[in-house]
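Coordinate analysis (summary)
The chain contents come next:
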Amino acid sequence: MSEISVTRLQTQALPVDDLVEMVQAGQIRIPSFQRGLRWQRSDVIKLFDSIVRGYPIGNLLLWRKNAEAAADLKIGALNIDAPAMEQALFVVDGQQRLTSLSNALTDGGHNDPRFALAYDVSKEQFVQSVGRSVYEIPLPVIFDLSRLLNWYRDHSELTDDPSYVDRANRVAKSIREFRVPVYIVDRSDPDVLRDIFDRMNNYGKQLTRAEVFSALHESGSGEKRAEGGLGDLSSISAEVHAATGYGLVDDDTILLAMLARRGADVSRDIRREFSSSASVSSSTRAPLDFPYESPVDARENATKALQSAISFLQVDAGAPHFAFLPYRYLLVVLTRFFAHFPNPDPAVRRNLRRWFWRAASLGPELTKGNITYATRSLCSRIKPGNEAESIEGLLRLVGNGPANVPDVKIFKTNYAATRLMVAAMWDLSPRRLSLMGAGESFSQEQLLAALGEGNTAVEISVPLYRTGDLDPADRALAANRVLLPDVGGGLPDSAVDVLRLVSRRAIEGDDSAIAVLDSHGVSIRSAEMLSHGADVEFIHARQIDLVKHLEVFLGKQTEWQFEDTPSLDSLNLDEYEVLDERDDPLWSYSNGA
């Protein structure tokens, strides 16, 4: 039996102040094989809330080794000019926490929306930093004592109430002095680090396929992921979001979209994607569509195809943001379609819109619930070089419908049925709730700004009734939500109270009030119930109206009753000998015969 090599750990507790300083100095780094940043703003808020409450936030596991100089070391939103050093520390476990701390507490990271946090001394909670209130002190200011004193001097409103200053000082002290337990592995053998990483991430929690792909396609010394490289899937998502405002698409969907563009079998072996033998898909032996392109070209072309697919969703399909997408595999299929047919004519775009909403209505049940099989089946219908056959194949797979309309009895913004309902509610052109006048309709630009990088519509789905107002089943209904993508305009303290006043104006015949109600799916009958305080009856009546509108919306988008006429450009007119207008096969398409 071989001798067991014992790895000794150095243990200590480091203050947050020291950890942030070490990150900024380039002493703490992120190894290339680490997962990308997964946390969102809500996770970062919980982290800081735990710190000020004195809750444990977990340990950090670091590996001490020599490090090369890195002129543009990236940790979250921070770009660090890191010198070469013999005692650098590489993060094995705790990347999300350390990245969040170092970014939220420094000006460089605070510019990123994920880390732009403030402490509201009037509400005693961490909030998104938007600069609307002097009571919201940005975390980089809280973290720096001299800047905090200057903030007091420049905002005298705070010092008028000594409790505000006390709260800010307490939070500042709690963050700066909070100590994080740190374990340091002091071994020169990189296999030890990889063994630890493998054990921590594969015992009960496997790496995702996207994370494996990223690790396989790293470049450089291994200390720093090459930003913008093929393995940096998150950078593709960020680039697409910057161009479209669509939100950050998850790495797994980005990977599938990239694979689908190059071949219909998205379940193929990703380890051989760009090997010399990759001209044939390993599992089905089907040839890849772009077998000889370089990884750089593959990344660039996948990004273009993804942007074209998203533009179609925003312009043609009425699904302007990732939060509206019922099933992610539909975006994968669209990416493949636009990779091969980047400029479809209006007739093809119309049929593609019909296909998208038909497939969205059916969900994965069209392939008996298997998402992977659904993705492969749909992608296989897209035939390079034959646009007409491709769109016809997609439409044939979804059948002749129509699909059942979901009754959204549980409104959860990550549910497919809820996303269908959100799209239908947005189709009503919701207006701002206003006590006077009609309130202007929200624009798509306002919607995208409100949803930002998020992947659900939770930020704009405002509940009418909250805990205690209705029983839980009624509060969970879609009818208990209104879409208000109001960035900077301020949301009403009680949306239902404003809606009640608008209902009374509408009942009296105020056309502008009626327009507001119509934009939120509230009929005059429902408005009468609301104005008289019959809240339960109002919610039930509005639920019926919203489901009816969802049916109308899906009917308008799917157009099951219409013939899926092919584009004229896709037909070979030379095949027909036209003797009489009524003998021409094209006549039936244009006249509905």
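Up top you'll find the structure we're talking about.
Residue indices follow the written sequence of each chain, beginning from 1 at its first position. Whole-chain, interface and lining totals are the exception, using all residues; otherwise, since this is a predicted model, local features are given only for residues with pLDDT of at least 70 and side-chain atom pairs are given and counted only at 80 or more. To obtain the side-chain values, all non-hydrogen atoms of the structure were included, while hydrogens and water were left out.

We now examine the sheet that holds strand E8 (residues 125-128). Any two strands with at least two DSSP-identified bridges between them are counted as paired. Only runs of H or I of at least four residues qualify as helices and only runs of E of at least two qualify as strands under DSSP, and these elements are numbered from the N terminus. Pairing in this open sheet of 3 strands is antiparallel, and the strands run E8-E7-E9 from one edge to the other. With one partner strand each, in any of the chains shown, E8 and strand E9 (136-138) form the two edges of the open sheet. Between one strand and the next, the sheet's axes are offset by a mean angle of 40 degrees, whatever the strand orientation. Pairing of strand E7 (residues 117-120) with E9 involves 3 bridges; the strand directions are antiparallel. Looking at E9, one finds that Tyr-119 is bridged to Ile-137. Axes here refer to lines fitted to C-alpha atoms; in helices the fit is confined to the stretch in contact. Angles between the N-to-C directions go from 0 to 180 degrees.

Below, the discussion takes up the packing of aromatic side chains. Pairing of aromatic side chains here covers Phe, Tyr and the six-membered ring of Trp, requires ring centres within 6.5 Å, and sorts the geometry by plane angle: under 30 degrees stacked, over 60 edge-to-face, intermediate tilted. Applying the stated criterion across every chain, the model contains 11 aromatic pairs. On the basis of an interplanar angle of 45 degrees and a centroid distance of 5.9 Å, the ring pair of Phe-48 and Phe-126 is categorised as tilted. You can see Phe-48 sitting in helix H2 (residues 41-53) and its partner Phe-126 sitting in strand E8, a full 78 residues away along the chain. Note on classification: 1.4 Å probe, protein chains only; a residue is buried when its accessible area is under 20% of the maximum for its type, exposed when over 50%, partly exposed between these limits. A relative accessible area of 7% means that Phe-126 is categorised as buried. Cluster of aromatic residues (ring-pair linked, three or more members): Phe-312, Phe-337, Phe-338 and Phe-341. A ring is considered to have a charge above it if a Lys NZ or an Arg CZ atom is located within 6 Å of its centre and within 35 degrees of its normal. Above the ring of Phe-290, the side-chain terminus of Arg-261 is found at 4.1 Å from the ring centroid.

This part is about the nonpolar core. We call a set of buried Ala, Val, Leu, Ile, Met, Phe, Trp, Tyr and Cys residues a nonpolar core when their side-chain atoms join them within 4.5 Å. The biggest cluster of nonpolar side chains holds 101 residues, and the ones touching the most others in it are Leu-313, Trp-355, Phe-356 and Trp-357. Whether two residues are in contact is decided by their heavy atoms, any of which lying within 4.5 Å being enough. Excluding its chain neighbours within four sequence positions, the residues that come into contact with Trp-357 are Ala-317, Gly-318, Ala-319, Leu-420, Ala-423, Phe-553, Leu-554, Gln-557 and Thr-558. Residues Ile-75, Ala-104, Val-121 and Ile-142 belong to the second largest nonpolar core, which totals 53 residues.

Quick look at a nonpolar patch on the surface now. Candidate patch residues must exceed 30% relative accessible area and have no salt bridge, after which like charges are joined if within 9 Å and Val, Leu, Ile, Met, Phe, Trp or Tyr side chains if within 5 Å. Shrake-Rupley sampling with a 1.4 Å probe provides the accessible areas, and residues are treated as covered by the protein chains on show and by no other component. When a carboxyl oxygen of Asp or Glu lies within 4 Å of a side-chain nitrogen of Lys or Arg, that pair is called a salt bridge. Together, Leu-435, Met-436 and Leu-501 line one region of the surface with nonpolar side chains, adding up to about 320 Å² of accessible area. Within the fold, Met-436 resides in the loop between helix H18 (416-427) and helix H19 (444-451).

Time to look at the sheet that holds strand E10 (residues 179-185). Across a sheet, strands are paired by hydrogen bonds formed along the backbone, either parallel or antiparallel in direction. A sheet is described by the order of its strands in space; here 5 strands give the open sequence E1-E10-E3-E6-E2, paired in mixed fashion. Each edge of the sheet is formed by a strand with only one pairing partner; in this case those strands are strand E1 (9-15) and strand E2 (28-29). Sheet topology note: the strand E3 (residues 60-67)/strand E6 (residues 85-93) ladder contains 6 bridges and is antiparallel. Of the residues in E6, the one forming a bridge with Trp-63 is Phe-90. Most of the contacts of helix H3 (residues 95-104) go to E6, to which it runs at about 115 degrees, and overall it touches E2, E3 and E6.

All right, on to the side chain of His-549 then. Within the element layout of this structure, His-549 appears in helix H24 (residues 535-558). Since its relative accessible area comes to 17%, His-549 is described here as buried. Ignoring sequence-local partners within four residues, the contact set of His-549 consists of Ala-424, Asp-427 and Leu-428.

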